Each structure stands twice: as C-alpha cells, then as structure tokens.
Protein chains: 2
Amino acid sequence: MAYGRRVSESGVREAGARRGRGRPARYSLDELLAVVVAEFNARGYDATSMEDVARATGLTKSSVYHHVSGKEELLHRAVSRALDALHAVLDEPTSTSGPAVDRLEHVVRRSVEVLAAELPYVTLLLRVRGNTPTELAALDRRREFDRRLAALVQDAIDAGEVRRDLDPRLVTRLLFGAVNSVAEWYRPDGAHGVPEVADTLVALTFGGLRRA
Amino acid sequence: MAYGRRVSESGVREAGARRGRGRPARYSLDELLAVVVAEFNARGYDATSMEDVARATGLTKSSVYHHVSGKEELLHRAVSRALDALHAVLDEPTSTSGPAVDRLEHVVRRSVEVLAAELPYVTLLLRVRGNTPTELAALDRRREFDRRLAALVQDAIDAGEVRRDLDPRLVTRLLFGAVNSVAEWYRPDGAHGVPEVADTLVALTFGGLRRA
DNA sequence: GTCTATATGTTGATAGAC
DNA sequence: GTCTATCAACATATAGAC
C-alpha cells in the first residue's frame, strides 16, 4: 500500500479526484480493471466512453491507452476473469465425484459463491451481447459452460436421483437462470449473505416451495 | 394489409430492402416499433445508432424522425408496452382471489405467457440500466411490479400454504429471476412451447427437483 | 411521408512533449 | 507513465425540397 493510495472499502480505488494534480496514480492493471468494470456495470459497456473511463480512473484517456490497447481489451480481461472462475467450479473434486444430485447441488452453491466473489466481472459477462469478436468468444465459452451444466442435470436424471418428468435442458436453463439472476440484486453489504442466498436457492429448486 | 407490405412470419417487417426505391413504406408506429425493438435487442440499445435503426426499417434517418422525436421515444414506447402487459397480470381476477399459493402460481404462469407473447419488449425492459429519465421511470415501474409480487409471496406464507423457513423477498427474487431468465433463450419456434416452460418452472419451484 | 444535405457534438484512438 | 492537443469517424438531430 505504498503512496497512500486512496482505495475504497470495496477495494475499488475512488474515482476522478486527482486528475492532473499531485503524485501519479501508478495503477496496476487489476486495480484499473476494478474501477473500469464498476463503470461499465453502472452505465453499460456500450454507453461508457473512454472519456468516462478516464474520469472514473482519474487518468486522462491517453494514460488509459498506455495500460490497454483500447476499450475492448478492458472488456476482454473482465469477462475472461469471470469465465475462468465459473469454469473452475466444474473442475473442483466435489463437482466430479459422488452422487449426481449432490454434485449438481454443489455446483449451484459454488456458482452463487463465485458470482458473489466476482460480482462485477460476472455481471458484465451476463450482459454481453455478441457485438464484437471479444463478445462472441465470451458467448462461446458461456455456452460451453452451459453444456457442462446440462450434462450434470442429465447425470442426476439418469441416476434416478431427481424427477424424470422434466426436460433436462429446460431444467438447466431455469435453474441457472435463477442462479444468474442473483447478479441483478446481490450486494456484498446487502440484506442477504451468500450462505442464505445459496440455501434459499437450493431449498426452492431442490425442495420446492409448496408445503408437504 | 394494403400495399402488399413485406412482413415476416413474426410480424416484423423485413429489413432494409427498399431504401430510396419503389413505393413508400407507410409504416404505422407499431410496425416501426417492432422492427426497431428487434434491432435494439440484437445489438443492444446503446450500441444501436439511428443509422442502424434507419437501415433496419428501410427508411432514412430523417424519415424515422418523422415518426418519433428520437431514439429515446422508441425505447419509451417499447418498455411501456412491456410494463403495461406485466402489470395487467396482477390485476386479473385469478391474481386477486382464491388461495394465496394458487394466486402466486397463476401469476408465475401468466408472467411466462406474457413474457413469451411480448418477448422483444420484455427483453428490452429487462436490460434497461437507468441511464436516462426514460430508463429511470421504467426501473421505477419495475420495482413497483416486484413489490406487488413480494406481497403475493408474503400472503402465501401468512396463509401457511408455502414453507415458512425462507425469506419472502429472497424467494420472490429467485422465483422471478427464473421467470425472467426465460427471456434470454425462449424463441417462439424453439424446442419448448410456453405451456411446457410454465409447467416446468412451476414444477421446479413449487414441487422441487429432488425425488421424494 | 419520404428524401438529400448538413449542423454540431462526441467517439475511440494517436502524436509527441515532459 | 502521465499529460495536452488533435484527428477522422460517427453520433443525434434538423432544414428544407419534393
């Protein structure tokens, strides 16, 4: 923490205060990315100009271009981070051994945890539309992730551990639709902690809402 | 259907074929909106320029400005249509009388149906970020809708018809997170029809996935 | 109700001094 | 590694002819 950098509680450096004055900011790429991704999520990637990025970081546009080749590299680094974290969940030991329904439940829980831990990056990923090569590549990796999820649901059905009367691809989409929706409202300092969110999600989708 | 207008199966006039040539298009506002909203959803609202809008409609920018005051009016008309349709669900008789859990289930089913029927408009609504006055007003109406949903869940808990061990606001968010996620993949000509989607969603969230 | 032409601001990105 | 100054392209929107 040299230079007494002004960094907010969330670990995101505070915005725009020192442009052109005082000591140079000396951003690391990760620090810069955290600020920029927060801005992308607040205004939308397309609606955020490089001038907005510069203002948020407290640098000039030129200085931002010293760190990255352009706006798209910022997006690429952000969504790659999210995709790496999500794919890693599927490679965990508990995701690959044991009863299929337990593996599925584990992946649901861990997905919520990763979503919370990497919230800004996952949020940005979930909003990617496919306008650029970077975005298309991200959508491809997302689809690969979804295929691996669907295989997990299929395993649980084949093992007779979940009800067989539902289409597995449809169940996968709805189940992880609920998981992903957490990104729309979850806040680290909000009313609900990660364990409660994960427990409620599992209770809702594995146990069901209706009273016995 | 005068003038033998070229309109696709989805009711959306086909794009860009006649700019500057042949008979004037004579768009109604609703027809124009359908084309434009499809474009907004394909590229993202912010990433869609008025030039893109003009190309998609087969008009010039100037002609588009004859129909609407600007880009934001197009957004306003689209999200208002979605919000009107969603709020109407809560005012249906079956949403306001009978056992609370049945009212809740009815609203879930009808929300899926409205989402499918008004897919492009709801899709656009769900992506609104809050950058402009129009978007902020839309977010306000969405929040009001969510409040009414949460009250429905609370009613079902108070009536003892659903399990009491879950936080009602959290359940509301996850339940309708799953509902809204349908907009991300549902297609009218896709593998799953609306009744199957609604049945599966209700089975998943009210009955639960795990085998008894 | 459509067009061509244009006004005026903003965009992503670069040149080059310090 | 930051800055000032600038560019060409593209943005939203308008004027006015037909």
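Described below are features of the structure shown in this document. Given the structure is predicted, the values throughout are model-derived calculations rather than measurements.

Definitions and cut-offs
Residues numbered from 1 in each chain as written. Chains lettered and ligands numbered in written order. Predicted model: local features only at pLDDT ≥ 70, side-chain atom pairs only at ≥ 80, totals over all residues. Heavy atoms only, no water. Near = heavy atom within 4 Å. Polar contact = N/O pair within 3.5 Å; in protein donor to acceptor, adjacent residues only side chain to side chain. Helix = DSSP H or I, 4+ residues; strand = E, 2+ residues; numbered from the N terminus. Nonpolar A, V, L, I, M, F, W, Y, C, P; charged D, E, K, R; others polar. Phe/Tyr/Trp six-rings, centres within 6.5 Å; stacked < 30°, edge-to-face > 60°. Buried < 20%, exposed > 50% of the residue type's maximum accessible area, 1.4 Å probe, protein only. Lys NZ or Arg CZ within 6 Å of the ring centre and 35° of its normal. Contact = heavy atoms within 4.5 Å. Buried area = accessible area lost by both parts, 1.4 Å probe. Salt bridge = Lys/Arg side-chain N within 4 Å of Asp/Glu carboxyl O. Least-squares fit on C-alpha atoms with pLDDT ≥ 70 in both.

## A word on the protein's contact with DNA strand D
Okay, so step 1: Around DNA strand D, 18 residues are found, and the nearest of them are Ser62(A), His67(A), Met50(B), Lys61(B) and Tyr65(B).
Okay, so step 2: Across the atoms of DNA strand D situated within 4 Å of the protein, the share located in sugar and phosphate is 55%.
Okay, so step 3: Here a phosphate oxygen of DNA strand D and a backbone polar atom of Met50(B) are 2.6 Å apart.
Okay, so step 4: Tyr65(B) is positioned such that a nitrogen or oxygen atom in its side chain is 3.0 Å from a phosphate oxygen of DNA strand D.
Okay, so step 5: Among the secondary structure elements, those contributing two or more residues to the surface near DNA strand D are α3 (61-67) of chain A together with α3 (61-67) of chain B.
Okay, so step 6: Sort the elements by how many residues they give to the surface near DNA strand D and α3(A) lands first, with 4 residues.

## Regarding the side chain of Thr57(A)
Okay, so step 1: As for its position among the elements, Thr57(A) is in helix α2 (residues 50-57).
Okay, so step 2: Separated by 3.0 Å, the side chain of Thr57(A) and the backbone oxygen of Ala54(A) make a polar contact.

## Quick look at the protein's contact with DNA strand C
Okay, so step 1: As a matter of local geometry, DNA strand C sits amid 19 residues, with Met50(A), Ser62(A), Thr60(B), Ser62(B) and His67(B) nearest to it.
Okay, so step 2: Near-protein atoms of DNA strand C (within 4 Å) split between backbone and bases, with sugar and phosphate holding 53%.
Okay, so step 3: A distance of 2.4 Å is found between a base oxygen of DNA strand C and a side-chain nitrogen or oxygen belonging to Ser62(B).
Okay, so step 4: Only α3 of chain A together with α3 of chain B provide two or more residues apiece to the surface near DNA strand C.
Okay, so step 5: Looking at which element gives the most residues to the surface near DNA strand C, the answer is α3(B), with 4 residues.
Okay, so step 6: Class assignment for the residues of the surface near DNA strand C results in 6 nonpolar, 10 polar and 3 charged.

## So, the packing of aromatic side chains
Two descriptors summarise a pair of aromatic rings, namely the distance from one centre to the other and the angle between the planes of the rings.
Okay, so step 1: According to the stated counting rule, one finds 2 aromatic pairs over all chains in the structure shown.
Okay, so step 2: On the numbers, 4.9 Å between centres and 80° between planes, the contact of Phe40(A) with Tyr45(A) is edge-to-face.
Okay, so step 3: The buried category is assigned to Phe40(A), whose relative accessible area is 0%.
Okay, so step 4: Between the NZ or CZ atom of Lys71(A) and the centre of the ring of Tyr45(A), over which it lies, the distance is 4.7 Å.
Okay, so step 5: Above the ring of Tyr121(B), the side-chain terminus of Arg81(B) is found at 4.1 Å from the ring centroid.

## As for the interface of chain A and chain B
Okay, so step 1: Contact residues are listed per partner, giving 45 residues for chain A and 45 residues for chain B.
Okay, so step 2: When the buried area of chain A at its contact with chain B is split by residue, Leu174(A), Leu209(A) and Arg210(A) rank highest and sum to 18% of it.
Okay, so step 3: Here Arg210(A) and Glu105(B) are joined by a salt bridge, their closest N and O atoms 2.4 Å apart.
Okay, so step 4: For the interface between chain A and chain B, the tally reads 13 residue pairs in polar contact (both at pLDDT 80 or more).
Okay, so step 5: Breaking the side of chain A that touches chain B down by element, the ones donating at least two residues are α1 (29-43), α6 (100-117), α9 (168-181) and α10 (194-207) of chain A.
Okay, so step 6: Its residues placed into classes, the side of chain A that touches chain B shows 19 nonpolar, 10 polar and 16 charged.

## Remarks on the relation of the copies chain A and chain B
Okay, so step 1: Taken as rigid bodies, chain A and chain B are interconverted by a rotation of 180° and an axial shift of 0.0 Å, the fit giving an RMSD of 0.0 Å. Seen this way, the second copy is the image of the first under a two-fold rotation axis. Relative to the rotation axis, the closest C-alpha in chain A is found at Gly208(A), a distance of 1.8 Å.
Okay, so step 2: In this assembly the copies share their binding face: 100% of the residues contributing to the interface of chain A also contribute to that of chain B.

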